[in-house]
Amino acid sequence: MDKETKGIRFLQASEIECRVGIINERGLSLLLFKDARVDQKILDETYTPLGWKRSHQLINGCLFCTVEVWDSEKGQWVGKQDVGTESYAEKEKGQASDSFKRACFNWGIGRELYTAPFIWIPEGEVEIQKKGDKYYTSERFQVASIDYNKEKAICSLSLLNSGGRVVYTYENGGTKEQKKGKSTGSRFRTEALEQELERTGVALEAVLERYHIHDIREMTSDMYQDAMKGLKKSKSRAA
């Protein structure tokens, strides 16, 4: 890699997706994601279209992706590798895409998303409907603005609903509700995770073991988002 090559830039607001994590009668949580097209775009910008390549390898039944970039000083390819996130119930689905995106995380693309706060939109700020025993919303959300601090962490965030109205604001390390007093984010996060565990039938112990922790309170934001992502892909257990 040339000395003058710029480092990986931060994701822009338009490059970040918002997806519903959990939803109930009291509101819903949102998770922030990037997709493979964003990874490809930033790799092209940073290393040129001919300056990087990807490959996939099946190792011990798991699909890995290696993203390599050309180091002109050493005259060789330098690679970083990761394995795709598997669903607790459907281990094969999406591993190719997940492994590529995770390998790009290793290069630094979108790593700042791991610092995202727990995003909870209360029922008064979103239209929630119920069909049978399931809740859903037809609303879509987008990132209106985002900023980062010197530690490469998200320090401000603003989200819009389908109508273009601001429904979530995070600034200088907290939401408006958190600054007023006791935060409800941790409670909602715990409840959201417990509801997904109940829906899928996955044991809490299995999740804790996966992240080598002993208590749900030890779970970091990136662990939580990773766990919720896997659980969302899992089918509901039989009634």
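The rules behind each value
- Residues numbered from 1 in each chain as written.
- Predicted model: local features only at pLDDT ≥ 70, side-chain atom pairs only at ≥ 80, totals over all residues.
- Heavy atoms only, no water.
- Helix = DSSP H or I, 4+ residues; strand = E, 2+ residues; numbered from the N terminus.
- Contact = heavy atoms within 4.5 Å.
- Phe/Tyr/Trp six-rings, centres within 6.5 Å; stacked < 30°, edge-to-face > 60°.
- Buried < 20%, exposed > 50% of the residue type's maximum accessible area, 1.4 Å probe, protein only.
- Lys NZ or Arg CZ within 6 Å of the ring centre and 35° of its normal.
- Core = buried A, V, L, I, M, F, W, Y, C linked by side-chain atoms within 4.5 Å.
- Salt bridge = Lys/Arg side-chain N within 4 Å of Asp/Glu carboxyl O.
- Pairing = 2+ DSSP bridges.
- Axes fitted to C-alpha atoms, helices over the stretch in contact; angles between N-to-C directions.
- Parallel < 35°, antiparallel > 145°, perpendicular 65-115°, else oblique.
- Left-handed = near helix turned anticlockwise from the far one by under 90°.
- Expected span 1.5 Å × (residues − 1).

*Asks:* What should I look at first to understand unusual backbone geometry in this one?
*Replies:* Apart from glycine, the bulk of residues carry a negative phi angle, and the bulk of peptide bonds sit in the trans form. In this structure, lysine 152 takes a positive phi of about 65 degrees despite not being glycine. One non-glycine residue, histidine 212, lies in the positive phi region at around 55 degrees. Mapped onto the elements, histidine 212 comes out in the loop between α5 (204-210) and α6 (221-233).

*Asks:* How do you make sense of the environment of lysine 41 when you look at a structure like this?
*Replies:* Of note, lysine 41 is situated in helix α1 (residues 36-47). The contacts of lysine 41, once residues within four sequence positions are left out, are Arg9 and Glu15.

*Asks:* Whenever I open this one, the packing of aromatic side chains confuses me. Can you help?
*Replies:* Centre-to-centre distance and the angle between the planes together describe a pair of aromatic rings. Following the criterion strictly, the structure yields seven aromatic pairs and no others. Both rings, one in tryptophan 52 and one in phenylalanine 100, keep their centres 6.3 Å apart while their planes meet at 25 degrees; by these two values the pair is stacked. Placement of the pair is tryptophan 52 in strand β3 (residues 52-59) and phenylalanine 100 in helix α2 (residues 95-106), with a sequence separation of 48 residues. What makes tryptophan 52 buried here is its relative accessible area of 14%. Ring pairing ties together the aromatic residues Phe118, Trp120 and Tyr224, which thus form one cluster. Against the face of phenylalanine 33 rests arginine 19, its NZ or CZ located 4.5 Å from the ring centre.

*Asks:* Would you take a moment to explain the nonpolar core for this structure?
*Replies:* The tendency in soluble globular proteins is for nonpolar side chains to be buried side by side. Residues Leu32, Val67, Val143 and Leu157 are the most contacted members of the largest nonpolar core, which totals 37 residues. Here this core takes five residues from α1, the largest share from any one element. Residues contacting leucine 32, with those up to four places away along its chain left out, are Ile16, Glu17, Cys18, Leu113, Ala116, Ile119, Val143, Ile154, Leu157 and Gln225.

*Asks:* Please explain the pattern of salt bridges as it appears in this structure.
*Replies:* Two side chains of opposite charge can pair, provided their charged atoms sit close to one another. A full pass over the atoms with the stated rule returns 12 salt bridges. The partner of arginine 9 in a salt bridge is glutamate 15, and the shortest N-O contact between them spans 2.7 Å. The partner of lysine 41 in a salt bridge is glutamate 15, with the nearest N and O atoms 3.3 Å apart. One end of the pair, lysine 41, is in helix α1; the other, glutamate 15, is in the segment before β1 (17-24), and 26 residues separate them in sequence.

*Asks:* So what exactly am I meant to see when it comes to the sheet that holds β3 here?
*Replies:* Adjacent strands of a sheet pair through backbone hydrogen bonds, lying either parallel or antiparallel. Here we have three strands laid out as an open sheet, ordered β3-β4-β5, and antiparallel in their pairing. The two strands at the open ends of the sheet, each matched to only one other strand, are β3 and β5 (76-83). Adjacent strand axes in the sheet meet at a mean angle of 25 degrees, parallel and antiparallel pairs treated alike. Sheet analysis places strand β4 (residues 62-71) next to β5, joined by eight bridges and oriented antiparallel. Of the residues in β5, the one forming a bridge with cysteine 65 is aspartate 82. Where α1 meets the sheet, it contacts β3 and β4, and its direction lies at approximately 130 degrees from that of β3. Set on the sheet, α2 makes contact with β3, β4 and β5; between it and β4 the angle comes to about 40 degrees.

*Asks:* I tried to follow the packing of α1 against α2 on my own but got confused; where do I start?
*Replies:* Two packed helices can be described by the angle between their axes and the distance between those axes. With their axes 10 Å apart at the nearest point, α1 and α2 run at an angle of 40 degrees to one another. Classified by the interaxial angle, the pair formed by α1 and α2 is oblique. Judged by the sense of rotation from one axis to the other, the crossing of α1 with α2 is left-handed. Where α1 approaches α2, its residues Ala36, Asp39, Gln40 and Leu43 are matched on the opposing element by Phe100, Lys101 and Cys104.

*Asks:* Would you mind showing me how to read the pairing of β3 here?
*Replies:* Remark: a regular strand shows side chains that alternate across the two faces of the sheet. Pairing analysis gives eight bridges linking β3 to β4, with the strands arranged antiparallel. Looking at β4, one finds that histidine 56 is bridged to cysteine 65. Taking the residues between adjacent antiparallel strands as the criterion, β3 and β4 are bridged by two residues, where asparagine 60 takes a positive phi near 50 degrees.

*Asks:* Would you mind going over α2 with me for this structure?
*Replies:* Because an α-helix completes one turn every 3.6 residues, residues spaced three or four positions apart along the sequence face the same direction. An ideal rise of 1.5 Å per residue puts 16 Å on 12 residues; α2 measures up with 16 Å between its terminal C-alpha atoms. The buried count for α2 comes to nine of 12 residues, which makes it a mostly enclosed element. Along α2, the residues classified as buried are Gln95, Asp98, Ser99, Phe100, Lys101, Arg102, Ala103, Cys104 and Phe105. Once α2 ends, the next one or two residues include glycine 108, with phi positive near 105 degrees.

Geometric descriptors of this kind do not, in isolation, establish any biological role.
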